[in-house]
Amino acid sequence: MTTVTTRTVEYPADSLTMIGHLALPAGAERRPAVLIGPEGMGLSDVERRRAEALAELGYVALAFDLHGGRYLDDPEEMLARCLPLLADPDRMRGIGHAALDVLRAEPRADPGRTAAIGYGTGGAVALELGRDGVDLRAIGTVNALTTGRPGDAARIRCPVWAGVGSEDPIMPPAQREAFTAEMQAAGVDWRLVVYGGALHAFHHPPVDHAAPPGVGYHPRHAQRAWDDIVALLTECLPVTN
């Protein structure tokens, strides 16, 4: 197991002071870098641990913030902030660019070798970076099958992997079809994995507060989705010693 170092980073975005979690692998050389977006509730220890797990694999990883250092455990408050955000591609892109600038400015990060992964709202932010034409090596999302403005997907310059639960009421079959139609029409190298029997946010361990309907943890599929994301990064953004 490699030695990982971590630190918090503050940066402005969306008229807030964001507080991200940066994880660095052992050594001093530059490494490929991964941006990690959280679920709509915001940055939590779940995403921090994922950043550290990627650092264990040799990546520089930044888990970014959505809500100015807050974790929104009230579903109504979370939806009140996230629904307008999800309806505004420019705001999502602003949040994503601000975090990506921090990641690429890190001396250990190779700014020419970056990827973006995300969950829920954070995954939508990752997709909007792709639709904005950002030079990424890969985009990976879980339960984030959002569609963008007409024509913008043609600007995606990397493979896109998406995972969703078959029983996710927030990402129903019609939304899956719209997402895949958008990717296919744009000529994107895309993949969609449907995890049988899984609900929305199936990757996220149980929380000790109220959650929106249709949310549920599925430990086997959570591990499979993580393995699929790691495989995507291994394929598109390999760590070379």
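Our structure is the block above this text.
Residues numbered from 1 in each chain as written. Predicted model: local features only at pLDDT ≥ 70, side-chain atom pairs only at ≥ 80, totals over all residues. Heavy atoms only, no water.

Help me understand the nonpolar core, please; the structure alone is not making it clear to me.
Among soluble globular proteins, nonpolar side chains are generally buried collectively. If you look at the biggest cluster of nonpolar residues, it comprises 40 residues, and the most contacted ones within it are Tyr 11, Leu 35, Phe 64, Leu 103 and Val 160. At six residues, helix α3 (residues 89-105) tops the list of elements feeding residues into this core. Within the second largest apolar cluster, 27 residues are counted, among which are Ala 61, Ala 115, Trp 161 and Val 230. (Core = buried A, V, L, I, M, F, W, Y, C linked by side-chain atoms within 4.5 Å. Buried < 20%, exposed > 50% of the residue type's maximum accessible area, 1.4 Å probe, protein only. Helix = DSSP H or I, 4+ residues; strand = E, 2+ residues; numbered from the N terminus.)

Is there a simple way to think about α3 in this case?
Since the α-helix packs 3.6 residues into each turn, any two residues three or four apart lie on the same face. Spanning 17 residues, α3 covers 24 Å between terminal C-alpha atoms, matching the ideal 24 Å at 1.5 Å per step. Among all positions of α3, only Pro 89, Met 92, Arg 93, Ile 95, Gly 96, Ala 98, Ala 99, Leu 100 and Leu 103 are buried. (Expected span 1.5 Å × (residues − 1).)

How should I be thinking about the layout of surface pockets in this particular structure?
Where empty space is left becomes clear once a probe the size of a water molecule has been rolled over the atoms. When its volume is computed, the largest pocket comes out at roughly 550 Å³. Glu 39, Met 78, Ile 170, His 200 and Pro 212 are the residues nearest the centre of the largest pocket, which is lined by 26 residues in total. Counting residues per element, the lining of the largest pocket draws most heavily on helix α2 (residues 75-86), at five residues. In terms of residue class, the lining of the largest pocket is built from 16 nonpolar, nine polar and one charged. A volume near 240 Å³ is recorded for the second largest pocket. Along the wall of the second largest pocket there are 13 residues; nearest its centre are Arg 50, His 203, Ala 222, Gln 223 and Trp 226. Counting only elements with at least two residues in the lining of the second largest pocket, the list comes to α1 (45-56) and α6 (219-236). For the lining of the second largest pocket, the leading source of residues is α6, giving five residues. (1 Å grid on protein atoms, 1.4 Å probe; cavity = no way out; pocket = protein on both sides within 12 Å on 5 of 7 lines; lining within 4 Å. Points joined across faces, edges and corners; volume = space filled by probe spheres on them. Nonpolar A, V, L, I, M, F, W, Y, C, P; charged D, E, K, R; others polar.)

Is there a simple way to think about the packing of aromatic side chains in this case?
Ring pairs (aromatic) are described by centroid distance and by the angle formed between their planes. Inspection of the entire model under this criterion finds one aromatic pair. Directly above the ring of Tyr 119 sits Arg 50, whose terminal nitrogen or CZ lies 4.2 Å from the centroid. (Phe/Tyr/Trp six-rings, centres within 6.5 Å; stacked < 30°, edge-to-face > 60°. Lys NZ or Arg CZ within 6 Å of the ring centre and 35° of its normal.)

Looking at this structure, how should I read the pattern of salt bridges?
Close approach of charged atoms allows side chains of opposite charge to pair. Under the definition given, this model contains 16 salt bridges. A salt bridge links Arg 93 to Asp 152; the shortest N-O distance between them is 2.7 Å. With a gap of 59 residues between them, Arg 93 in helix α3 and Asp 152 in the loop between β6 (139-142) and β7 (160-165) connect regions that are remote in the sequence. There is no split in this pair, since Arg 93 and Asp 152 are both buried. We note a salt bridge from Arg 191 to Glu 235, for which the minimum N-O separation is 3.4 Å. Residue Arg 191 is found in strand β8 (residues 190-195), and its partner Glu 235 is found in helix α6; the two are separated by 44 residues along the sequence. Several salt bridges share partner residues, and in doing so they unite Asp 90, Arg 93, Glu 128, Arg 131, Asp 132, Arg 149, Asp 152, Arg 155 and Glu 182 into one network. (Salt bridge = Lys/Arg side-chain N within 4 Å of Asp/Glu carboxyl O.)

Would you take a moment to explain the environment of Ala 126 for this structure?
Its place among the elements puts Ala 126 in helix α4 (residues 121-131). Given the relative accessible area of 2%, Ala 126 is considered buried. If near-sequence neighbours (up to four positions away) are discounted, Ala 126 is found in contact with Ala 116, Ile 117 and Ile 139. (Contact = heavy atoms within 4.5 Å.)

How should I be thinking about a negative patch on the surface in this particular structure?
A contiguous patch of negative charge on the surface is contributed by Asp 73, Asp 74, Glu 76 and Asp 208. With respect to the helices and strands, Glu 76 occurs in helix α2. On the basis of relative accessible area, Glu 76 is assigned to the exposed category, the value being 66%. (Patch = residues over 30% accessible without salt bridge, like charges linked within 9 Å, V, L, I, M, F, W, Y side chains within 5 Å. Areas by Shrake-Rupley, 256 points an atom, 1.4 Å probe, with all protein chains shown as cover. Lys, Arg positive; Asp, Glu negative; His and termini not counted. Charge placed at Lys NZ, Arg CZ, Asp CG, Glu CD.)

How do you make sense of the sheet that holds strand β5 (residues 109-119) when you look at a structure like this?
Whether parallel or antiparallel, the strands of a sheet pair through hydrogen bonds between backbone atoms. Here we have eight strands laid out as an open sheet, ordered β1-β2-β4-β3-β5-β6-β7-β8, and mixed in their pairing. The outermost strands of the open sheet, each flanked by one partner alone, are β1 (5-13) and β8. Across this sheet, the average inter-strand angle for adjacent strands is 20°, counted without regard to direction. Here four bridges tie strand β3 (residues 31-37) to strand β4 (residues 60-63), and the two strands are oriented parallel to one another. What sits directly across from Leu 35, in β4, is Leu 62. Lying over the sheet, α1 contacts β1, β2 (16-24), β3, β4 and β5, oriented at roughly 35° with respect to β2. Relative to β8, α6 is tilted by about 165°, and along the sheet it contacts β3, β5, β6, β7 and β8. (Pairing = 2+ DSSP bridges. Axes fitted to C-alpha atoms, helices over the stretch in contact; angles between N-to-C directions.)

How do you make sense of the pairing of β2 when you look at a structure like this?
Along a regular strand, successive side chains alternate from one face of the sheet to the other. Of the pairings in the sheet, the one linking β1 to β2 comprises nine bridges and is antiparallel in character. By the bridge assignment for β2, Glu 10 is matched with Ile 19. Connecting β1 to the next strand, β2, in antiparallel fashion are two residues, including Asp 14 with a positive phi near 55°. As paired elements, β2 and β4 share three bridges and run antiparallel to each other. Its bridge partner lying in β4, Leu 22 is registered against Leu 62.

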